[in-house]
Amino acid sequence: MSKNLYKVLFAIFIISLVSSFSLQAQTVTGNVKDGTTGFSIPGVSVLEMGTINGTVTDIDGNFSLQLTQGSDTLEFSFMGYETLSLAVGGRQVIDVLLKEDLLELDEVVVIGYGTQKKKVVTGAISTVNAEEISKVPVLQAGQAMQGRTAGVQVTNQSGQPGDPPTIRIRGVGTTGNSDPLYVVDGLVVSNIEYLNPGDIEQMDVLKDAASAAIYGARAANGVVLITTKSGTKGSINLTYSTYYGIQNAAKKLDMLNSNEYMMMMNEGARNGGFTEPFNPNAVAEYDTDWQDAIFVQNAPMVSHDVSVAGGNDVATFSSSLSYFSQEGIIGGDKSKFERITARLNSRIKVTDWFNFGNNLTFSHVKRKGIASNSSFNGVYSSALNMEPLLPVFEQNPDSLAQPRYVNNADYLIRNSEGLIYGLSNRVPGEVVNPMALLEIQTGETRVDKAVGNVFGEIELIKGLKFKSSLGIDLAYVNYDSYRPLYYLNGAQKNINKTSVYKSVERYITWQWENTLIYTKSIKDHNFSILLGTSASEINGENLNGFNTMVPTDDPNNVYLDMSMDTAREAQAGGGAFHEAWFSAFARVTYDYKGKYAFTGIIRRDGSSKFGPNNRYGNFPSLGVSWLLSEESFMPDLGAINFLKLRASWGINGNDKIGSYQYLSVMDYSRAYIIGGTRLIGASPRFISNLDIRWEESEQIDLAIDLGVFDDRLIATFDYYIKNTNGLLERVAIPGHVGNDPPYANVGSVRNNGVELSTTWRHYIKGLKYSIGFNGSYNINTMTQIANDEKSIQGASWSVAGPVTRTEEGLPIAYFYGWETNGIFQDMNDVNTYLAPNGELLQPLASPGDVRFVDINGDGVIDDEDRTKIGNPTPDFTMGVTGSVEFKNFDFSFLLIGAFGHQIFNGSQRMDLQFTNSTTKLLDRWTGPGTSNTNPIYTWSDKNLNNRISDLYIENGDYVRVKNIQLGYSIPSNLLSKIKIKDWRIYVSAENLLTFTSYTGADPEIGAMSSFDIGIDRGIYPQARTFRFGTTITF
Amino acid sequence: MKRHMKKLGVLMAIAFLLSACEKDFLDRPPLDTVVSSNFYKTEADAMSALVAVYDVLGYQSTPGVSWAPFLTMSDILSDDSFAGGSDPNDGKDEDEFNTYNIPTENLIVHAIYLKNYTGIYRANLLMEKIVDIEASEDFKARIVGECKFLRAYFYLEQVRFFENIPLLTETIKGPSGYIQSQATPADVYNQIATDLIDAVNVLPANIPANEKGRISKWAASGLLARTYLFYNGVYGAQFTVNENTVDNSVVLGYLEDMITNSGHALFEDYSENFHISGEFGVESVFEVSHGDILPWWDWGYVRGGEGNLAAQMQGPRVTGSENWDRGWSFGTVNYKLVEDMGNDPRLDYTVLFQSELDGALVKGYQHTGYYSKKYSSDAEHWSTGGQFELNRTCNFRVIRFSDVLLMAAELGSPNAQDYLDRVRSRVGLESIPATADNIYNERRLELSLEGVRYFDVIRKGMSFASQQFTSVGLRGPDYIGDQVIFDVTFNNSTKGFLPIPQSEVDQMGGTFTQNTGY
């Protein structure tokens, strides 16, 4: 009641205030309906143009607005409908029919240094807008593209909070760094981890070379343009969004229990000729489920985001403050990501010809992590390999009296309650009690970042604008880690001195861009010319220090000065680098009635990464489109109302190598003894290659855009061929050169594929729904490698050696190992597996061992028989999105899928004795006919059954219900009473279901490098998350 | 006002577009590292660069390729020693040397090839850079002289092993220079001779104690004679240096000068040549230093240490001995050498008999019961720190004064009898006539297991080499293994040269011709 009283008083005050200026206040009422269906539309924004005075329609589409006489025009806008402006003209009742704005092609896309209507875009650009991001909040900006953009493959690197997703646009285009270029509000930034996803207005992905050419020498891996939110004219909105989520492991692997474990260990020992370690009648004291031990129940995730936006004819602004925190499902706060961001974007119209604006963001990121996909010292991989007989905590006095506890009493790891973590006396190597391993993790990274730009824009003459923009990206990165005294097993211990390591890095990039743009329409001929320059520089410096004997109870507060070490083993290091770019560019766009459109771009880039011989490069592109459906000569296309053909060609570059690679660094590791003294010598580490230049990617794109049934169905189909030449690699050079090779432009890779993205949207009887599908099929082929072997060795797995390889004619980083052909069932099988010369191919084999294929037919099974046994990169990736809105309810889902690839399941350490295994081990060969896929379990693997082979390769196909969400918007007639404009609540689930035949924890395995993809070393799995969230707009 | 502002804006824009293309803006030299383009400036820089050239003398391995000590490998090629190692697979590549059945992909072949070009590159680079270094002309002349000597040394090793090799006297500046052709052997030998004579002319006669290890003019004279004997023996030709012919008498002149004026002499005790006390001693004309001053641990970058890997490889596989320790038994000595030396007093200082060993001996592949005693894992050369295998401390005596005396005798010195007598009387042997055969045969007795024998035999022609290197049915009394593993037949179709490494031939896309016999 009192609220209403206030309202009334406030209204009276306003009215009296307003009436002092105006002769009379006018009230307009009316109703808003869908122009096609005739149904009322609730929630339509009704605004008095040029003022902040406005309202929204109620559930029945009715509105009532008291005009302030600031304007005589009302603006009706609603998502999915065309915005309508109407002159009031003294009317008191205005009923409105809004036209559905299904024509996505009228949307504006960002093309770099400007925007363009999608109708006349000639390139391949995928867009993700704020609506999609705010409806399904993602944790990191990069994830917003997952499943929503054809041709952009987004794979979470692991489930660890803060691990960035792997983003590949149109395949892996280089053997070097394949990450796309990120441009936020015109500023090139090194990563987008610092961004609050809620601040993003739109993400536009420039996929084809013609579009990306505007970013020239850095665009070959595609460009992601991010526009952050800016204010709009009208009332000031304050929005508060929050969610709270709980995360749990989605899947547990089925491990051997204690009894099965003891049985199998006895069998392995027996088969290997060892003494059986367990009494067959022994009853296990413990049966530890290590996955239960490490997985945190209901790991929390929380987000708060407050934003205020608004403005008037003179100035608009958008400002926000956000906090996000996520604890991991493994290790809780040992694997934690926190982000705080503050942002202010403003635009000021200083005069009618001069605009001024800025985009400023500060962010603080704190990350604590554990090894997320590692054979060695991985927490999850230790959990999968540790024996179940070991308790998490050892409390049995008899056990604690054993030498490994007694002799290491000072180094035992205890939890906060003083309980001692169990030490295995069986499992060796890097496999340790994963809970103890977690306890000693201390590494923490903190990033403070200020990113922003200010710009001014002058309209020189009508249509000619000059814009100057100055941006900076400043980052401080602090890392520290503390190494306590510990004893985890004989190999994993630190029993000498505690130590602390700290590092501080500072990077600052500035970028100054100036553009002149002239836009003109003469009759139906529309054209624009853009000329611009860009200069930028990055400076970086780092310092690090190490000190020993730092006694502390608090690993989070350890400093170098705390050292008590008289031996003074402190170490310090540090360095610096700088890089610079200078570019000039031009773009011409032209269209005739939107029917024929043309875009031409040329960019000239200079990069300090290359020597004077090849410092500058030119990056041209051309694009044309033809709106066939507008041609009068076209016959009636039936349901097809829109048909556009596009074609584009362009050349981009990739300069992602370290600084100074064209020079040769002096190496001081040379020495010779002269006069009894070891003198230090110096010679170049590599020869210099003053000729190195960027990798050059040339791409052709052919496409069709389609609108059917009045644009209810829209579809885009693209075909592309992308050839990247001059890949930067160090490959062998002739010996007579006399030094190690420099980077050189060698090798080529081709990606070609098709992309389809289609959306069906419809609105019937108050039910609004849409369903979208996007899919991309890409074939990646290494077409040239300029070394002798015509191959590059890739990532290694465990102790077994290289598992990926890149070779001419095959995809980048394919799995490389031995091919198998079943299991020898009996001695006769072994004795009849013969080389061409009649000798035994596998003389060391026994029944139950793996039969390997002599690929090269030379009569021996050796390294030369390794071959392609799988491909980690999917041929086909897809996303399916769906949404339904009915009355105040909304429902949406996102499915993602990847197909045609394999995963190397290497989470088990078969090279070590006494490691535990999944229950798959129970399917091992035990006698003739028992198994033709799982070899005998033995501790002495004479036949090398465990070598890298197709037995580790599994089908990696999966479909994942990435997100499913149900929301409810509180009816506006209820809200208007409490001065709330909009209030929505929702529940959502992430990673609810995953359909896959892959037996490991998670089939989504991102790249650790270009050569290290799809190798499961016990990957930190992604969590299944349930979220409750709400968004309130005041 | 508004109009003026607009004009100002246009001007600013145009001015910026034009002016911002400053060239210097993109020139970003490294801040925290020294690069080759801004290094070579001072005398100290030149010394560091020189040390890097000397460093290659001590290289006996190429990272990621193979271990390949010159000493061990040339002796395995000769009739002095077998491959050895723990088992046939331990020294597969070594055994291919031993049996003259060397595939073009042999890793040791590649390691040798890469090592010598590394040295040649560093010498060439320093000679290019020295021009602009701030230093006195004397300083520069000596550095250039040393570079020329070292370049000649690496070329000699290379051309004696590979015969047909590219001849580079300056560094390759970029990928456009990668493709090279093989030079004629004459061009390579003449370049070696030119470099050595230049070195003789500028290098000092006396090396002070605090510079021991640097090259004297006498080392250059000695190497010139060694080169000449091989070149003249194999090709029957003389050197042409700056259009002058350098023949027997010219070379002999250099040796006579050394014998008369250098102060070099023979140790009274022959064995002093292989003790630490004899390092850089009076008999040592050219010596490569090894040591453990910085105890080395890194198996991944063995080159970083200064240990003598040949000593580690050739040591007996014995543990628990106070006198020898944990060698790898490569280069087991051929019984033929023991037989050839007969009662020569130098045998006891040349060959280590298994009967001399205490401790537990593991007998490996091609075990004959004999090991090299000159370069071995003996207690005197054990390291005081680091990984013991990587820190054997014995220096490699490349050219000894006794070799100089024998070379001078062989080249027809009027004092040949005196020279031969000096070598023999030092070990208590009576005089024998200084005939060509006797002088030549003395080399076998005096210099065996010192990396000299193989080339001494090759230079006498293929039929002599076949006769010397083919050894069948000979294995001595203490062998382990079938006779067949000790039977070796020389392959004279190769003329005694190694194959050009296959990957080098492949990379040249047709400009290289593989050596005959491969």
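Visitor: Is there a simple way to explain the overall build of chain A in this structure?
Guide: Along the backbone of chain A there are eleven helices and 55 strands. Against the globule reference of 31 Å for 1034 residues, chain A gives a C-alpha radius of gyration of 32 Å, in line with a compact fold. Within the span of chain A, comprising 1034 residues, buried residues form 55% of the whole. Considering only intrachain contacts with a sequence separation of at least 6, the fraction spanning at least 24 residues in chain A is 70%. Counting only carbon and sulfur atoms, one obtains 56% of the accessible surface of chain A, whose full area is about 41,600 Å². Between the centroid of the 85 positive side chains of chain A and the centroid of its 110 negative side chains there is a distance of 6 Å.

Visitor: Any chance you could explain the packing of helix 8 (residues 217–235) of chain B against helix 9 (residues 248–261) of chain B here in plain terms?
Guide: Helix-helix packing: each pair is described by the crossing angle between the helix axes and the interaxial distance. Residue and element names in this part refer to chain B. Between helix 8 and helix 9, the least distance of the axes is 9 Å, while the angle of their chain directions is 145°. When the axes of helix 8 and helix 9 are compared, the crossing they make is left-handed. Facing Lys217, Trp218, Ser221, Gly222, Leu224, Ala225, Tyr228 and Asn232 of helix 8, the residues of helix 9 in contact are Asn248, Val251, Tyr254, Leu255, Asp257, Met258 and Asn261. Residues of the contact of helix 8 with helix 9, tallied by class, amount to eight nonpolar, five polar and two charged.

Visitor: What exactly am I supposed to notice about the interface of chain A and chain B here?
Guide: Many authors give the size of an interface as the accessible area that is lost as the parts come together. Listed per partner, the contact involves 65 residues of chain A and 70 residues of chain B. Taken together, both faces of the contact between chain A and chain B bury some 5,700 Å²; the carbon and sulfur share is 66%. One salt bridge connects Asp27 of chain B with Arg615 of chain A, and the closest N-O pair in it is separated by 3.4 Å. For the pair chain A and chain B, the interface holds 17 residue pairs in polar contact (both at pLDDT 80 or more). Where the side of chain A that touches chain B is concerned, the elements lending two or more residues are strand 22 (444–461), strand 26 (499–522), strand 27 (525–548), strand 28 (571–592), strand 29 (596–607), strand 32 (666–674) and strand 33 (677–684) of chain A. Here the side of chain A that touches chain B is composed, by residue class, of 34 nonpolar, 22 polar and nine charged.

Visitor: So what exactly am I meant to see when it comes to the side chain of Glu163 of chain B here?
Guide: Residue and element names in this part refer to chain B. Inspection of the secondary structure assignment puts Glu163 in the loop between helix 6 (137–162) and helix 7 (185–202). Within the local environment of Glu163, its side chain forms a polar contact with the side chain of Asn164, the two groups lying 3.4 Å apart. With sequence-adjacent residues up to four places away left out, Glu163 is seen in contact with Gln158, Pro185, Tyr235, Lys495 and Phe497.

Visitor: What is the right way to look at the nonpolar core in this model?
Guide: Nonpolar side chains in soluble globular proteins tend to be buried together. Formed by 132 residues in total, the largest nonpolar core has its most connected members in Phe97, Phe149 and Phe286 of chain B. At 13 residues, the largest contribution of residues to this core is made by helix 6 of chain B. With residues up to four places along the chain from it excluded, the contact list for Phe286 of chain B reads Leu57, Phe149, Tyr153, Ile215, Ala219, Phe396, Arg397, Val398 and Ile399 of chain B. By size, the runner-up hydrophobic cluster in this structure holds 44 residues, among which are Met262, Ala269, Val379 and Val392 of chain A.

Visitor: Explain the packing of aromatic side chains here, please?
Guide: We describe a pair of aromatic rings using the distance from one ring centre to the other and the angle between the two ring planes. This model, assessed by the stated rule, comprises 65 aromatic pairs over all chains. Measuring from ring centre to ring centre gives 6.3 Å for Phe891 of chain A and Phe893 of chain A, while their planes differ by 50°; the resulting arrangement is tilted. Each ring, one from Phe70 of chain B and one from Phe161 of chain B, has its centre 5.8 Å from the other, and the planes form 65°; the classification is edge-to-face. Remark: Phe161 of chain B occurs in helix 6 and Phe70 of chain B occurs in helix 3 (residues 70–77); sequence separation between them is 91 residues. In this structure Phe161 of chain B comes out as buried when scored by relative accessible area, which is 1%. By the ring-pair criterion, three or more aromatic residues cluster together here, those being Phe70, Tyr100, Tyr113, Tyr117, Tyr155, Phe161, Phe162, Phe230, Tyr454, Phe455, Phe469 and Phe490 of chain B. Its guanidinium or amino end placed over the ring of Phe230 of chain B, Arg160 of chain B lies 6.0 Å from that ring's centre, counting from NZ or CZ.

Visitor: I'm lost on the environment of Arg805 of chain A in this one. Help?
Guide: All names here are of chain A. Positionally, Arg805 belongs in strand 43 (residues 804–807). Overall, the relative accessible area of 18% leaves Arg805 in the buried class. As for Arg805 and Gly817, which are separated by twelve residues in sequence, their C-alpha atoms are 9.5 Å apart. Discounting chain neighbours no more than four positions away, the residues touching Arg805 are Ser791, Ile792, Gly794, Pro811, Ile812, Ala813, Tyr814 and Tyr816. A distance of 3.5 Å separates the side chain of Arg805 from the side chain of Ser791, its partner in a polar contact.

Visitor: Just checking my understanding: could you explain the confidence of the model for chain A for this structure?
Guide: Do not read the predicted coordinates in detail wherever pLDDT is low. Averaged over all residues, the pLDDT of chain A equals 90, while 96% of them reach at least 70. Predicted confidence for residues 15–24 of chain A stays below pLDDT 50, and this span has four contacts to residues more than four positions away or in other chains.

Visitor: Would you mind going over the confidence of the model for chain B with me for this structure?
Guide: Summarising the model, chain B shows a mean pLDDT of 92, and 96% of its residues fall at 70 or more. The ipTM value of the predicted complex is 0.94, and its pTM value is 0.82.

What counts, and at which threshold
- Residues numbered from 1 in each chain as written.
- Chains lettered and ligands numbered in written order.
- Predicted model: local features only at pLDDT ≥ 70, side-chain atom pairs only at ≥ 80, totals over all residues.
- Heavy atoms only, no water.
- Helix = DSSP H or I, 4+ residues; strand = E, 2+ residues; numbered from the N terminus.
- Rg over C-alpha atoms; globule rule 2.2 N^0.38 Å.
- Buried < 20%, exposed > 50% of the residue type's maximum accessible area, 1.4 Å probe, protein only.
- Contact = heavy atoms within 4.5 Å.
- Areas by Shrake-Rupley, 256 points an atom, 1.4 Å probe, with all protein chains shown as cover.
- Lys, Arg positive; Asp, Glu negative; His and termini not counted.
- Charge placed at Lys NZ, Arg CZ, Asp CG, Glu CD.
- Axes fitted to C-alpha atoms, helices over the stretch in contact; angles between N-to-C directions.
- Left-handed = near helix turned anticlockwise from the far one by under 90°.
- Nonpolar A, V, L, I, M, F, W, Y, C, P; charged D, E, K, R; others polar.
- Buried area = accessible area lost by both parts, 1.4 Å probe.
- Salt bridge = Lys/Arg side-chain N within 4 Å of Asp/Glu carboxyl O.
- Polar contact = N/O pair within 3.5 Å; in protein donor to acceptor, adjacent residues only side chain to side chain.
- Core = buried A, V, L, I, M, F, W, Y, C linked by side-chain atoms within 4.5 Å.
- Phe/Tyr/Trp six-rings, centres within 6.5 Å; stacked < 30°, edge-to-face > 60°.
- Lys NZ or Arg CZ within 6 Å of the ring centre and 35° of its normal.
- pLDDT = per-residue confidence, 0-100.

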